[in-house]
Amino acid sequence: MQYELYYWPGIPGRGEFIRLALEDAGVEYVDIGKISGNKGGGAGAVSEFLHGGEIGRPHFAPPMLKAGDIVVSHVANILQFLGPRLNLVPDDDASRYWANGLQLTLTDFVSEVHDTHHPIGSSLYYEDQREEAARRSGVFVQERLPKFLHYFERVLSTNAGNEPFLVGDRHSYVDLSLFQVVTGLRYAFPRAMQRLEPEVPEVAALADRVSQRGRLAAYLTSDRRLDFNEGGIFRHYPELDT
Ligand SMILES: N[C@@H](CCC(=O)N[C@@H](CS)C(=O)NCC(=O)O)C(=O)O
């Protein structure tokens, strides 16, 4: 199966959740946004595909994944599609719905992280909503960040084994996504995370363990891995990291 990922170039963003699954599984994929425009890739190709492209089904927003004649959008939906194909989710229905529920909680979490720097509107510059961003981030750091992290700590603690995973007794795409969220938070809110991580040791340990998985570790040090930056979801503005 030839997978094509459609996501904006230059930022890890939500596309990274899909890359992590493909890289961890070691499958070939074409990252269309990273290909130059004159070779049929780049933002133009992503935008064209978004609006319906060759198959006439418009999507609301990237990422999108194309697998043969199937096209899937939304991170959680794409990972639900890829999970069984990449052996990144257990076989039974109960586990698969549980995994999807956890992934949708991460979707909410990521959306709230985005809103810390863009509480008023994505179309406005950060500089035009700094005051609101400071207020929003204050509440996020005090209330929402601990609430989400403690939730995942609870999931891991109730699923404890020698090496706890979020879903069942094996590594899954949800572990990969939690790793990405923790890594992004360490970049965006280093002070808050330093304070909070001792309260969520299982979450911190899972993130560190995931980063050491063979293929994933190789990916993370490769030039395919994009650095977090102030164009993406996880942005470091020291004034918001209270
Ligand atoms: N629920 C979607 C959200 C997708 C999304 O917000 N994509 C961003 C890029 S990371 C975008 O281009 N949004 C455009 C918009 O919301 O107008 C998902 O989880 O994939």
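What counts as what
Positions within a chain are numbered from 1, following the residues in the order the chain's sequence is written. In keeping with the model being predicted, local features are shown solely for residues with a pLDDT of at least 70 and side-chain atom pairs are shown and tallied solely at 80 or more, while totals for entire chains, interfaces and linings include all residues. With hydrogens and water stripped out, all remaining heavy atoms of the structure feed into the side-chain values. Points on a 1 Å grid over protein atoms alone make up a cavity when a 1.4 Å probe fits among them but cannot get out, and a pocket when they form an open set with protein on both sides within 12 Å along at least five of seven lines; lining residues each have an atom within 4 Å of a point. Grid points are joined across faces, edges and corners, and a volume is the space filled by probe spheres set on the points. Each helix is a run of H or I in the DSSP string that is no shorter than four residues. Each strand is a run of E no shorter than two, and both are numbered from the N terminus. When residue character is reported, Ala, Val, Leu, Ile, Met, Phe, Trp, Tyr, Cys and Pro are called nonpolar, Asp, Glu, Lys and Arg charged, and the others, Gly included, polar. Stacked, edge-to-face and tilted labels apply to pairs of Phe, Tyr and Trp rings (six-membered ring for Trp) whose centres lie within 6.5 Å, assigned for plane angles under 30 degrees, over 60, and everything in between, in that order. Three exposure classes are used, based on accessible area relative to the maximum for each residue type with a 1.4 Å probe and protein chains only: buried under 20%, partly exposed in between, and exposed over 50%. Throughout, a residue-residue contact means that at least one pair of heavy atoms, one from each residue, lies within 4.5 Å. By nonpolar core we mean a set of buried residues, namely Ala, Val, Leu, Ile, Met, Phe, Trp, Tyr and Cys, connected to one another through side-chain atoms within 4.5 Å. By convention here, the domain bounds are inherited from an automatic or database domain assignment. A molecule or strand has a residue near it when one of that residue's heavy atoms lies within 4 Å. Throughout this description, a polar contact denotes any pair of N or O atoms lying within 3.5 Å of each other; where both atoms belong to protein, one of them has to be capable of donating a hydrogen while the other can accept it, and for residues adjacent in sequence the pair is counted only when both atoms sit in side chains. Any molecule with more than half of its atoms within 2 Å of a cavity's or pocket's grid points is regarded as sitting in that cavity or pocket. Criterion used throughout: strands pair if DSSP finds at least two bridges between them. We define a salt bridge as a side-chain nitrogen of Lys or Arg found within 4 Å of a carboxyl oxygen belonging to Asp or Glu.

### A look at the layout of surface pockets
The calculated volume of the largest pocket comes to roughly 750 Å³. The wall of the largest pocket is formed by 25 residues, among which Tyr-7, Arg-14, Ala-61, Pro-62 and Ile-233 lie closest to the centre. Among the secondary structure elements, those contributing two or more residues to the lining of the largest pocket are helix 3 (75–85) and helix 4 (93–117). The element best represented in the lining of the largest pocket is helix 4, accounting for 6 residues. Classifying every residue of the lining of the largest pocket gives 14 nonpolar, 9 polar and 2 charged.

### Concerning the packing of aromatic side chains
One pair of aromatic rings is described through two measures. These are the centre distance and the angle between the planes. Using the criterion set out here, one finds 8 aromatic pairs in the structure. Ring geometry for Phe-140 versus Phe-189: centroids 5.5 Å apart, planes at 40°, classification tilted. On the criterion of sequence distance, the pair formed by Phe-140 in helix 5 (residues 130–158) and Phe-189 in the loop between helix 6 (173–188) and helix 7 (190–196) is long-range, its members being 49 residues apart. Each member of the pair Phe-140 and Phe-189 is classed as buried. Each ring, one from Tyr-187 and one from Phe-228, has its centre 5.5 Å from the other, and the planes form 25°; the classification is stacked.

### Observations regarding the environment of Ala-61
Along the polypeptide, Ala-61 turns up in the loop between helix 2 (42–50) and strand 3 (64–67). Considered as a pair, Ala-61 and Lys-34 are 27 residues apart in the sequence and their alpha carbons are 17 Å apart. Setting aside its immediate chain neighbours within four residues, Ala-61 contacts Leu-50 and Ser-73.

### Re the nonpolar core
Core analysis: the biggest nonpolar cluster contains 65 residues, and Phe-109 and Leu-185 have the highest contact counts within it. Inspection of this core shows a minimum of three residues originating in each of domain 1 (3–85) and domain 2 (93–214). The residues contacting Phe-109, other than those within four sequence positions of it, are Phe-140, Leu-145, Phe-148, Leu-149, Phe-152, Val-181 and Leu-185. Of all hydrophobic cores here, the second largest spans 8 residues; its members include Ala-45, Phe-49, Leu-50 and Met-64.

### Quick look at the site of the ligand
Inspection of the region around the ligand gives Tyr-7, Trp-8, Arg-14, Phe-60, Ala-61, Pro-62, Pro-63, His-74 and Val-75 as its neighbouring residues. Within the side chain of Arg-14, an N or O atom sits 3.1 Å from an oxygen atom of the ligand. Side-chain polar atom of His-74 to a nitrogen atom of the ligand: 3.0 Å apart, as the coordinates give it. If you map the ligand onto the pockets, it falls in the largest pocket.

### Section: the pairing of strand 4 (residues 70–73)
The sheet contact formed by strand 3 and strand 4 spans 4 bridges and is antiparallel. If you follow Ala-67 over to strand 4, its bridge partner there is Ile-70. Between strand 3 and strand 4, which follow one another and run antiparallel, lie 2 residues, and Gly-68 among them has a positive phi close to 65°.

### A short note on the side chain of Ser-222
Within the fold, Ser-222 resides in the segment after helix 9 (214–220). Separated by 3.2 Å, the side chain of Ser-222 and the backbone nitrogen of Arg-224 make a polar contact.

### Some remarks on unusual backbone geometry
Here the amide bond leading from Pro-62 into Pro-63 is cis, since omega sits at 10°, within 30 degrees of zero. Although it is not a glycine, His-74 sits at a positive phi angle of roughly 80°. Along the polypeptide, His-74 turns up in the loop between strand 4 and helix 3. Judged by relative accessible area, His-74 falls into the exposed class, the value being 52%.

### Here we look at the pattern of salt bridges
It is possible for side chains bearing opposite charge to pair when their charged atoms get close. Per the stated rule, a full pass over the model turns up 12 salt bridges. Its salt-bridge partner being Glu-16, residue Arg-19 comes within 2.7 Å of it at the nearest N-O pair. With a gap of 3 residues between them, Arg-19 and Glu-16 both fall in helix 1 (residues 15–25), about one helical turn apart. For the pair formed by Arg-19 and Glu-16, the shared burial category is buried. Where Glu-23 meets Arg-224, a salt bridge forms, and the shortest distance between an N and an O atom there is 2.8 Å.

### Describing the environment of Asp-69
When you line up the elements, Asp-69 lands in the loop between strand 3 and strand 4. The spatial distance from the C-alpha of Asp-69 to the C-alpha of Val-167 is 30 Å, given a sequence separation of 98 residues.

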